[in-house]
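Letter by letter, the chains look like this.
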Amino acid sequence: MSNRQTKTDVILIGAGIMSATLGSLLKELVPDWEITVFEKLANAGEESSNEWNNAGTGHAALCELNYTVEKPDGSIDISKAINVNEQFQVSRQFWSYLVDSNLIRNPQDFIMPLPHMSLVQGEQNVSFLKRRYEAMSNNPLFQGMEFSDNPEKLMEWIPLIMQERTSNEPIAATKIDSGTDVNFGALTRMMFDHLKSKNVEIKYKHSVNNMKRTRDGSWELKVQNLDSGTVERHTAKFVFIGGGGGSLHLLQKSGIPEGKHIGGFPVSGLFMVCNNPDIVAQHHAKVYGKAPVGAPPMSVPHLDTRFIDNKKSLLFGPFAGFSPKFLKTGSVFDLITSVKPNNLVTMLASGAKNVPLTKYLIQQVMLSKEKRMEELREFVPNAKSEDWDLLVAGQRVQVIKDTPAGKGTLQFGTEVISAADGSIAALLGASPGASTAVSVMLEVMNRCFPQYMKEWEPKIKEMIPSYGVSLLKKPELIREIHASTARTLGLGEKELQLAR
Ligand SMILES: Cc1cc2nc3c(=O)[nH]c(=O)nc-3n(C[C@H](O)[C@H](O)[C@H](O)COP(=O)(O)OP(=O)(O)OC[C@H]3O[C@@H](n4cnc5c(N)ncnc54)[C@H](O)[C@@H]3O)c2cc1C
């Protein structure tokens, strides 16, 4: 046991994209605040934010069919898609600010332009896609979206998917060129390098094991140095729990009433990856399909071009599965130790409701590689087993809570939980995830630092010109933001043309 003790303004737990984003925002707004980061692994961006642990989709609702819902009258509700898109525009603006200000460099190392497409088969699905396209394509946020049900056009767009396709079923796709592939791992590491240069103390191999409130309302953290085994105590006025899947346990240790009656349900992910350059060269898009009936929204199959370390590869998946771990590097006891007297009823209610989902996930885990190849062949009819390898992705911990819809309802979004006095906040949930990190961290700031928001507003607007504005009501601003961020982030001539 060491008696090392420190006091600081802010402690960020976890070195993923969320802590990186909050730290970078705060460093611009209040450079004098002292920030310390504790990360139990040896580097930043090693868990869900790592490039190989997520799909790298810049989620802007350009291709994900689960963000648009068909209403009983057959019309398509695109409000969720608008919301996700606006949040992504906020991220683009902040990343552009970081690049423009030379705080991070070489945007091509973390973001690449890539068409986003939705692909469906069958008469009903084609009709849905067409109505969805009609609802979206006139909206300035989705400008440039194209629709086609012509196999020749589709062959031009997605040759790898269309060639050797024998089915006579109707098939259709939408395509929009302003999509992106984002290397969230690289971006996280760049932001932590920047924070280090601004004297943020980043302590790797330090695991936060417990925390308690002190008499003056600060938080004292018990942190274990994993190299030496010693235990240190660190105090801060504000703590952000950005532990990804590890956040729920830490929130429970804080004991704040807002963290009670909440549980977590872990969903594991697997991708198939292809590095054969002949095959990789035949595909250039993120192509999202429809989730099979009974499958959770995060298992929508998609075939993606990825750009990682200047190399192109193809990723197919994710295949969702069940594992009791909350982090990829977590413990098999994570799920069971997250059940506490205050969330027992919530967890039991959820368990009873989600038997079919659990069954589905367990079946998915058991799939052989050949069975997974069969699913891939729905996308790439001539896919050969020797060209594709299995890749274990990150864990997602879905939030379980009591809602008006009932006790123990499984949530598929992201949730910010904060103490009433704003001294601590945690981020739970995983979707739309890293793409919306900037909006979500602004929400954390709004909840925890309301007394400073007015004073910070001019600087926030300098970093994020659309801050506090509904983009949809300002088509001119959308065009301006598309153009300026495309220029700074190197997102291609086509997008610049659309913005003009
Ligand atoms: C299969 C899959 C596909 C996804 N695809 C996409 C996508 O295409 N687009 C998208 O935008 N998002 C996607 N996501 C979601 C996205 O990856 C996450 O939302 C995001 O990375 C979460 O970032 P984070 O900083 O909260 O967590 P993480 O990146 O997991 O970081 C948390 C960190 O906290 C550390 N930590 C945990 N507990 C402790 C502790 N007690 N002490 C010290 N350190 C601790 C961990 O080691 C880890 O480094 C996907 C996720 C998965 C799993």
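Small disclaimer: the values here were computed from a predicted structure and weren't measured. (Residues numbered from 1 in each chain as written. Predicted model: local features only at pLDDT ≥ 70, side-chain atom pairs only at ≥ 80, totals over all residues.)

Q: I would appreciate a short explanation of helix H7 (residues 247–254) in the present structure.
A: Burial within H7 is extensive, with seven of its eight residues counted as buried. The complete set of buried residues in H7 reads Ser 247, Leu 248, His 249, Leu 250, Leu 251, Gln 252 and Ser 254. Downstream of H7 by one or two residues, Gly 255 has phi in the positive range, about 75°. (Buried ≥ 20, exposed ≤ 12 C-beta atoms within 10 Å, placed from the backbone. Helix = DSSP H or I, 4+ residues; strand = E, 2+ residues; numbered from the N terminus.)

Q: Before we go on, may I ask you to explain the nonpolar core in this structure?
A: Burial of nonpolar side chains together is a common tendency in soluble globular proteins. Core analysis: the biggest nonpolar cluster contains 130 residues, and Ile 13, Val 239 and Met 441 have the highest contact counts within it. At 10 residues, helix H2 (residues 79–100) tops the list of elements feeding residues into this core. In contact with Ile 13, other than residues within four places in its own chain, are Phe 38, Val 208, Val 239, Phe 240, Ile 241, Gly 242, Gly 243 and Leu 250. (Core = buried A, V, L, I, M, F, W, Y, C linked by C-beta atoms within 7 Å. Contact = placed C-beta atoms within 7 Å.)

Q: Please explain the pairing of strand S14 (residues 262–274) as it appears in this structure.
A: Strand residues, when the strand is regular, have side chains that alternate between the two faces of the sheet. S14 sits mainly inside the fold: 11 of its 13 residues count as buried. With six bridges joining them, S14 and strand S17 (residues 311–321) adopt antiparallel strand pairing. Paired with Gly 269 across the strands is Ala 320, a residue of S17. Bridge count between S14 and strand S18 (residues 388–392): five bridges; the pairing is antiparallel. Counted as the bridge partner of Met 272 is Leu 390 from S18. (Pairing = 2+ DSSP bridges.)

Q: Whenever I open this one, the packing of H2 against helix H13 (residues 437–448) confuses me. Can you help?
A: When two helices pack together, their arrangement is given by the angle between the helix axes and the distance between those axes. Where H2 meets H13, the axes come as close as 7 Å, and the angle between the chain directions of the two elements is 90°. Classified by the interaxial angle, the pair formed by H2 and H13 is roughly perpendicular. Each of Gln 87, Val 90, Ser 91 and Phe 94 in H2 lies in contact with H13, whose residues at this interface are Ala 437, Val 438 and Ser 439. (Axes fitted to C-alpha atoms, helices over the stretch in contact; angles between N-to-C directions. Parallel < 35°, antiparallel > 145°, perpendicular 65-115°, else oblique.)

Q: So what exactly am I meant to see when it comes to the site of the ligand here?
A: Contacts to the ligand come from 42 residues, most closely from Gly 14, Gly 16, Gly 244, Gly 246 and Gly 433. Mapped onto the shell around the ligand, the elements with two or more residues apiece are helix H1 (17–29) and strand S11 (206–213). Here the shell around the ligand gets three residues from one element, more than from any other, and that element is H1. A breakdown of the residues in the shell around the ligand according to their chemical character gives 17 nonpolar, 20 polar and five charged. (Near = placed C-beta within 6 Å. Nonpolar A, V, L, I, M, F, W, Y, C, P; charged D, E, K, R; others polar.)

Q: Explain the pairing of strand S1 (residues 5–13) to me, please; I cannot follow it from the model alone.
A: Where S1 lies against strand S13 (residues 231–241), eight bridges are found, and the strand directions are parallel. Residue Thr 6 lies in a different strand from S13, and its bridge partner there is His 234. For the segment spanning S1, H1 and strand S2 (residues 35–38), crossover handedness is right-handed. (Right-handed = clockwise from strand over helix to strand, strands pointing away.)

Q: Sorry, what's going on with helix H6 (residues 184–197) here?
A: For an α-helix, the turn length of 3.6 residues means that residues three or four places apart are oriented alike. Across its 14 residues, H6 extends 20 Å between first and last C-alpha, which sits within 8% of the 20 Å expected from 1.5 Å per residue. Within H6, 11 of the 14 residues are buried, which leaves it mostly tucked inside the rest of the structure. If you follow the buried residues of H6, they end up packed against H1, strand S9 (180–182) and strand S10 (201–203). Two residues or fewer after H6 comes Asn 199, characterised by a positive phi angle close to 65°. (Expected span 1.5 Å × (residues − 1).)

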